Amino acid sequence: MKIKRDNDDDEVMFLFRIKVTAKRYDIICSSLRKITSFEVNTNGSFKVIIVDIENKNIEELNAIINFVVEFNLQNIDIFCGITSSYDLGGFTFPNHLIYFAGKINSEIQFSYVIS
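Our subject in this report is the structure included herewith. Per chain, residue numbering runs from 1 following the sequence as it is written. Given that this is a predicted model, residues contribute local features only at a pLDDT of at least 70 and side-chain atom pairs are listed and counted only at 80 or more, while totals for whole chains, interfaces and linings are drawn from all residues. To obtain the side-chain values, all non-hydrogen atoms of the structure were used and water was disregarded.

Points about the overall build of the protein chain
Segments assigned H or I by DSSP are reported as helices when at least four residues long, segments assigned E as strands when at least two residues long, and all are numbered from the N terminus. The helix and strand tally for the protein chain stands at three helices and six strands. Across the 115 residues in the protein chain, those meeting the buried criterion constitute 39%. In this description, contact between two residues means that some pair of their heavy atoms is separated by no more than 4.5 Å. Considering only residue pairs separated by 6 or more positions, the protein chain has 72% of its internal contacts joining residues 24 or more positions apart. Three labels apply to residues, based on accessible area from a 1.4 Å probe with only protein chains included: buried if under 20% of the type maximum, exposed if over 50%, partly exposed otherwise in between.

Here's the deal with the pattern of salt bridges
Any Lys or Arg side-chain nitrogen found within 4 Å of a carboxyl oxygen on Asp or Glu counts as a salt bridge. Counting across every chain of the model gives one salt bridge. Between Arg17 and Asp77 there is a salt bridge; the shortest N-O distance is 2.7 Å. Highlighted residues: Arg17 in strand E2 (residues 9-21) and Asp77 in strand E5 (residues 76-84), separated in sequence by 60 residues. A residue is classified by how much of its surface remains accessible, and Asp77, at 12% relative accessible area, is buried.

What to know about the nonpolar core
Generally speaking, a soluble globular protein has its nonpolar side chains buried in company with each other. For the purposes of this section, nonpolar cores are sets of buried Ala, Val, Leu, Ile, Met, Phe, Trp, Tyr and Cys residues that join through side-chain atoms within 4.5 Å. Phe16, Ile18, Ile49, Ile53, Leu73 and Phe100 are the most contacted members of the largest nonpolar core, which totals 29 residues. Put simply, the parts of the chain that give this core at least two residues each are E2, helix H1 (22-32), strand E4 (46-52), helix H2 (58-70), E5 and helix H3 (95-103). The contact partners of Ile18, leaving out residues within four places of it in the chain, are Leu32, Lys47, Val48, Ile49, Phe67, Leu73, Asn75 and Ile76.

Examining unusual backbone geometry
One non-glycine residue with positive phi stands out, namely Asn72, at about 50 degrees. With respect to the helices and strands, the residue Asn72 is situated in the loop between H2 and E5. Backbone geometry places Asn105, a non-glycine residue, at a positive phi of 55 degrees. Position of Asn105 among the secondary structure elements: in the loop between H3 and strand E6 (107-114).

Brief notes about the pairing of strand E3 (residues 39-43)
What makes two strands pair is DSSP finding at least two bridges between them. Looking at chain direction, E3 and E4 are connected through five bridges and run antiparallel. Note on E4: the bridge partner recorded for Asn43 is Phe46. Linking two consecutive strands that pair antiparallel, namely E3 and E4, is a turn of two residues; a positive phi of about 65 degrees is found at Gly44 within it.

Things to note about H1
Since the α-helix advances by 3.6 residues per turn, residues separated by three or four positions end up pointing in the same direction. Of the positions making up H1, those classed as buried are Tyr25, Ile28, Cys29, Ser31 and Leu32. Looking straight down H1, one finds its buried side chains confined to an arc of 160 degrees; they lie on one side. Opposite the buried face of H1, at more than 90 degrees from it, the exposed residues are Lys23, Asp26 and Ile27. By definition, the arc is the one covered by directions from the helix axis to the C-beta atoms.

A short note on the side chain of Asp77
Polar contact is the term for a pair of N or O atoms within 3.5 Å; when the atoms are in protein, one must be able to donate a hydrogen and the other to accept it, and sequence-neighboring residues count only if both atoms are side-chain atoms. Within polar-contact distance, the side chain of Asp77 engages the side chain of Arg17 at 2.7 Å. With residues near it in sequence (within four places) discarded, Asp77 still touches Leu15, Phe16, Arg17, Ser106, Glu107 and Gln109.

Structural data, given as structure tokens:
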């Protein structure tokens, strides 16, 4: 998401992250591929599945919510990254993502970078 500022645009990204062991990775990925696209990073002995949720509609988010419940996923969070040249900026967290975070009982992690 871009937020227009006087001198530049702020960049905001919203990612849903699932941390899984190698043991559960294959079954989780094969099921998740049926409902959304994602990327994977390795973090030690864990895999971190990353889903860009910024432009997901409520139906897509509900499918992910059902997936989280079905697999009883615990090591999850929503990551919000903000890159800004304006240190007093702010934004409103989109309502559909607040709904999503509440339904999956997730923490929201923030990273703020001033460029």
